[in-house]
Amino acid sequence: MYVSPVREPLIKGKKDYNKVTEDITAPMAGKPSKYWYMGIGLSLLALLAGGIGTVITIWYGIGTWGLNKTIGWGWGITNLVWWIGIGHAGTFISAILLLFRQKWRTSINRSAEAMTLMAVTCAGFFPLIHMGRLLLGFFIIPYPNTRDLWVNFNSPLLWDVFAISTYGIVSLLFWYTGLIPDLATMRDRATHKIKKAIYNLLSFGWTGSARHWSRHETLSLIMAGLAAPLVLSVHTIVSFDFATSVIPGWHTTIFPPYFVSGAIFSGFAMVLTLMIVARKALNLEDYITVNHVESMNKIIITTGSIVGIAYLTELFVAWYSGVEYEQYAFMNRALGPYAWAYWIMMTCNVITPQLFWFKKIRRSLIATFIISIFVNIGMWFERFVIIITSLHRDFLPSSWSMYAPSLVEVALFIGTLGLFFTLFLLFIRAFPIIAIAEVKSVLKSSGENKKHSNHE
Amino acid sequence: MNNQQYITAYYLDDDDLMKSVKHIREKGLSINDVLTPFPVHGLDKLLGHRRSYLPQVGFIGGAIGAICGFYFQYWIFTEAYPLNFGGKPFASIPSFIPVTFECTVLFAAFSMFFAFLIRSGLGLGAQAKIHDEKVTDDRFMVIIPIDESNRQDSINHIEAVLNETGAKEVKVNG
Amino acid sequence: MEHKQFQFNNKVIIPSVLLLILGILAVIGALVTDIPRERIIANLHLNNVYFLAFALCGLFFVAVHSIAESGWHTSIQRIPEAMGMFVPFAGIIMLVLFIFGKHDLFHWTHTDHLDEVLLHKQPYLNSTFFYIRFVVYFLGWGLLGYALRKNSLLLGETGDIKYFNKQRTFSAIFVVFFAITSSTASWDWLMSIDAHWFSTLYGWYIFSSLLVSGMAVITLFVLLLRRMGYLPHVNIEHLNDLGRYMFAFSIFWMYLWFSQYMLYWYGNIPEETVYYYERLNNFENYFFINIILCFAAPFLIIMLRQMKRIPFVLGITSVIIIVGHWVDFYQLIMPGSIGDKAGFGMLEIGLTLGYFGLFALFVFRALSKAPLVPKNHPFYKESLEYHTNY
């Protein structure tokens, strides 16, 4: 297919197909570096902290958290929403960008999708632990039981169960579909007997037959078509958890699209944070180029601005509605005891991403890395502000209260960070983090040594 | 399949492959399969493969998911255990929609994924017949069946055609 | 490939003018019969807003595609650009209507008897500020639209990278400006009709409606021009893409519709549900027809790839979507402004067709003023050569 010379190449350097395979599989060959060991050591330590927090929560109960009768949702739900949001970038990249034919997605979709799976795992942990008795978590699934009871399908919390589990499963299928051909490549390259056997098993007997490829492409495209509304639905349903209530600050109709936009915003930030490090550490700078970073930054500024407009819309309509409770909720956010959190949120989410209007900053790796961390923090605070400030001053002033997390809650959060990074570090050792076959399929049209082939 | 024998040969470039496939088809040879490291666009058209029915499978799966998901909730709230929530009707359709949607997507994705595996004979434990380990790297391989009734002529003819196209490592395979 | 210059001749003028005359006759007919004056004004307002939405969608389409550096649209981008040229005229007729008819449309303009809630809203909902905002919107849209169009023509002729970059800058400014004004304008002209009611999602909901109906109009014009023998390069792949847009945005519209409805239904607060109560009890036909035409029909018709590749089916779907969103705007405007005086008859049909004639005249004239394809656009060749695999 013809590609205009105006476009920057997506793959740098003089590459042929074999070189692509070599480059992308290189990080998995040989022994891991000492940085990898340091990374996984730290992650496991964090995971251990989370494990201790989990044991304490289950042993003594939710009373060990900083929650009280006014503020029933603290860090637990904040973290749930934050993690789920981070997961959204993966599906957005592989589904929506695929439908919009953005070729730059091929270098980052694999790892972003993997992050989706890891983030969903971390997210799913919080509602389960928040229920206090982890082992009874299966109560949320509708199954015939002796009490003839069913779960409440009118509750948005139950919709969440369905949304998050569907999201996890479909993302897994989607991710694995893309992975099969690359696992076959790994199988054919593996020299160690056990390794070969494992990759053989995982690659499902893939041969690269033209028939299979044709079906595989159809499957990927339709899955993308399904995943696109799915990714919208997940954060929409998460937002319903809040918006279906009649609590001022929560009950607002803009929540669904605004949450989705915020989720993609934070997801891209996390992808950038990790990929800027990974491309360097794994020598993949030719595949994940500054051009890719710039494209992602453009998405960050778009979604960040949408989030900003949503904040302003909420403020305006709170005034416009004339509902005094609504007005108070927003006054309290901006000027009340949690104003510091509100202004961190505003600064990190609305102001810092605006720096990306400058091309220089958009293309600077260091600036991008710093801003992406700001966005991660800002989006965490957004959920904190929404949850805590709307709850802590109830309709009844006698129940007004403040909230601070206990050490156990902090440990749980650190534990999920540990889980996320452990999984990510294992992932980069076990699977090719760039979709080899997909990169090869755009190599000719978008590689640096473009041969202008004449497809007639 | 059993003892049908093939001639395999490979190319190092997808454009060469496309040209050769065209050439081989023009010479009246049938191509059993083409193995490529990545999807080559337009290849299935050249080989005369029809479009896959996976979208239709997905649609049917999704429709079943939607109906089951919706009816399940409807049945629970009107027959199995009617409960009053906030004075809303028992069959409160708007609040059934999210779960119905999720079921639709889940069923559609599942049915397509497994239809794909079954139709392609792939799955856990499926053994690939590996002609050349570089096929998943940078080789584009064509597999041409030998006409058993006229074995030697057939081999000669196929080899001649393949050599015309500049194929590498033309060899007879079991 | 040979590209004909679009001819603004009798072949396109006569049908458009005939439609326009039909519209004028519909108004005259309504004036001489006993149709209430408010109904005429509300209908004029409806069509003003609706056809302005098409024009804005045209500009938005061009702007967003240049920012995203998409290639495929370049060979049809003259059509959305031409649609954008309707914006200034829409502003004039809208202004005239507001000057003469705002009391029939917006009850917050009756400043002598406002209740407590509307008094509270007066800093925003007052005529002076309303007109100031009006001028700002149209200045912004008009000037940026003009800049986009002019620059795009230069880019299409010269292929100079300077204009390419400039186009991106203008587009970015337009998108930012539009992101804010599309919300505020829809509050001004539509949400303030039900002056007591409010919804944070409203602006985005209107935006989605604008997007999908505008896309349907673009598709319709592409099909029409193709039939008339222009745009020979537009192949089934371009149509497939337009079809996919209509399909996707129809789902998006339904998603926003549902989000707003579901949250108010679930919350069940009287001052919020009153909006839907009115529509479900006095306008229930429109309410359901709206959903069928805007979501169910396009969803089922063009879901399969094969259907998107039949021009006739695509044309029918565009018409369904355009009618559907007209109904959408109808049920946004009528219940709050004229309530039980609303109706549906020759006036509604005739006037809408008349606006179509008017709009088509503007689009055709703009199309005839420039080459139909930007033949030196850096991405033009991509647009000719692309094929979709799905």
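Residues numbered from 1 in each chain as written. Chains lettered and ligands numbered in written order. Predicted model: local features only at pLDDT ≥ 70, side-chain atom pairs only at ≥ 80, totals over all residues. Heavy atoms only, no water.

Before going further, it helps to spend a moment on the overall build of chain A. Within chain A one finds 15 helices and 0 strands. In summary, chain A has a C-alpha radius of gyration of 23 Å against a globular reference of 23 Å for 456 residues, a match within 12%. For chain A, buried positions account for 63% of its 456 residues. Here the analysis covers contacts within chain A between residues at least 6 apart in sequence; of these, 82% occur between residues at least 24 apart. Accessible surface, chain A: about 17,000 Å² in total, of which carbon and sulfur atoms supply 71%. Treating the 36 positive side-chain charges of chain A as one cloud and the 23 negative ones as another, the clouds have centres 9 Å apart. (Helix = DSSP H or I, 4+ residues; strand = E, 2+ residues; numbered from the N terminus. Rg over C-alpha atoms; globule rule 2.2 N^0.38 Å. Buried < 20%, exposed > 50% of the residue type's maximum accessible area, 1.4 Å probe, protein only. Contact = heavy atoms within 4.5 Å. Areas by Shrake-Rupley, 256 points an atom, 1.4 Å probe, with all protein chains shown as cover. Lys, Arg positive; Asp, Glu negative; His and termini not counted. Charge placed at Lys NZ, Arg CZ, Asp CG, Glu CD.)

To continue, consider the interface of chain C and chain B. Counting from both sides, the interface comprises 12 residues of chain C and, opposite them, 10 residues of chain B. Of the roughly 980 Å² buried at the junction of chain C and chain B (both faces included), carbon and sulfur atoms supply 69%. At the boundary of chain C with chain B, the tally comes to 0 salt bridges. Of all elements in the fold, only α9 (236-267) and α12 (305-308) of chain C reach the threshold of two or more residues within the side of chain C that touches chain B. Among the elements that make up the side of chain C that touches chain B, the one with the highest residue count is α9 of chain C (5 residues). Split into classes, the residues belonging to the side of chain C that touches chain B amount to 7 nonpolar, 4 polar and 1 charged. (Buried area = accessible area lost by both parts, 1.4 Å probe. Salt bridge = Lys/Arg side-chain N within 4 Å of Asp/Glu carboxyl O. Nonpolar A, V, L, I, M, F, W, Y, C, P; charged D, E, K, R; others polar.)

Here we come to the side chain of T218 of chain A. Relative to the elements of secondary structure, T218 of chain A occurs in helix α7 (residues 210-243). Judged by its relative accessible area of 16%, T218 of chain A falls in the buried class. Within the structure, the side chain of T218 of chain A is placed 2.9 Å from the backbone oxygen of S214 of chain A, a separation counted as a polar contact. If we ignore the near neighbours within four places in the chain, the residues touching T218 of chain A are S52, L54 and P55 of chain B. (Polar contact = N/O pair within 3.5 Å; in protein donor to acceptor, adjacent residues only side chain to side chain.)

Running from amino to carboxyl end, α7 of chain A crosses helix α4 (residues 93-120) of chain B at an angle of 165°, the nearest separation of the two axes being 10 Å. In terms of orientation, α7 of chain A lies roughly antiparallel with respect to α4 of chain B. Here the hand of the crossing between α7 of chain A and α4 of chain B comes out left-handed. Contact with α7 of chain A, carried on its side by H212, R215, H216, L219, I222, M223, L226, P229, L230, S233 and I237 of chain A, involves P98, F101, E102, V105, A108, A109, M112, F113, F116, R119 and S120 of chain B of α4 of chain B and no other residues of that element. A class-by-class count of the residues in the contact of α7 of chain A with α4 of chain B yields 15 nonpolar, 4 polar and 3 charged. (Axes fitted to C-alpha atoms, helices over the stretch in contact; angles between N-to-C directions. Parallel < 35°, antiparallel > 145°, perpendicular 65-115°, else oblique. Left-handed = near helix turned anticlockwise from the far one by under 90°.)

A few words now on helix α1 (residues 10-32) of chain C. Residues and elements named next belong to chain C. Helix length check: α1, at 23 residues, gives a terminal C-alpha distance of 32 Å against a target of 33 Å (1.5 Å per residue), a fit within 8%. The complete set of buried residues in α1 reads V12, S16, G23, A26, V27 and A30. The inward-facing, buried residues of α1 abut α2 (37-67) and α14 (346-368). (Expected span 1.5 Å × (residues − 1).)

Residue and element names in this part refer to chain B. Here 4 strands make up an open sheet; going across it, the order is β2-β3-β1-β4 and the pairing antiparallel. The open sheet has two edge strands, β2 (33-35) and β4 (168-173), and neither has a second partner. Averaged over all pairs of adjacent strands, the angle between strand axes in this sheet comes to 20°, irrespective of strand direction. (Pairing = 2+ DSSP bridges.)

Time to look at the confidence of the model for chain A. Averaged over all residues, the pLDDT of chain A equals 88, while 98% of them reach at least 70. Across residues 451-456 of chain A, confidence stays below pLDDT 50; counting only partners more than four residues off in sequence or on other chains, it has 5 contacts. (pLDDT = per-residue confidence, 0-100.)

What describes a pair of aromatic rings is the distance from one ring centre to the other and the angle between the planes of the rings. In this structure the tally under the stated criterion is 120 aromatic pairs over all chains. When the ring of F283 of chain C is compared with that of Y286 of chain C, the centres are 6.0 Å apart and the planes differ by 45°; the resulting orientation is tilted. F283 of chain C sits in the buried class, given a relative accessible area of 6%. The residue whose ring lies beneath R333 of chain A is F330 of chain A, and the NZ or CZ to ring-centre distance is 4.8 Å. Over the face of the ring belonging to F247 of chain C we find K308 of chain C, whose NZ or CZ atom lies 5.3 Å from the ring centre. (Phe/Tyr/Trp six-rings, centres within 6.5 Å; stacked < 30°, edge-to-face > 60°. Lys NZ or Arg CZ within 6 Å of the ring centre and 35° of its normal.)

Facing the 58 residues of chain A at the interface are 63 residues of chain B. Across the chain A to chain B interface the summed buried area is about 5,500 Å²; carbon plus sulfur atoms make up 67%. Summed over the three residues of chain A that lose the most area to chain B, namely F153, F204 and R215 of chain A, the buried surface amounts to 13% of that side. Where chain A touches chain B, the interface holds 19 residue pairs in polar contact (both at pLDDT 80 or more). Secondary structure elements with two or more residues in the side of chain A that touches chain B: α1 (17-25), α5 (156-189), α6 (193-202), α7 and α15 (436-446) of chain A. With 17 residues, the single largest contributor to the side of chain A that touches chain B is α7 of chain A. Taken together, the residues of the side of chain A that touches chain B break down into 27 nonpolar, 20 polar and 11 charged.

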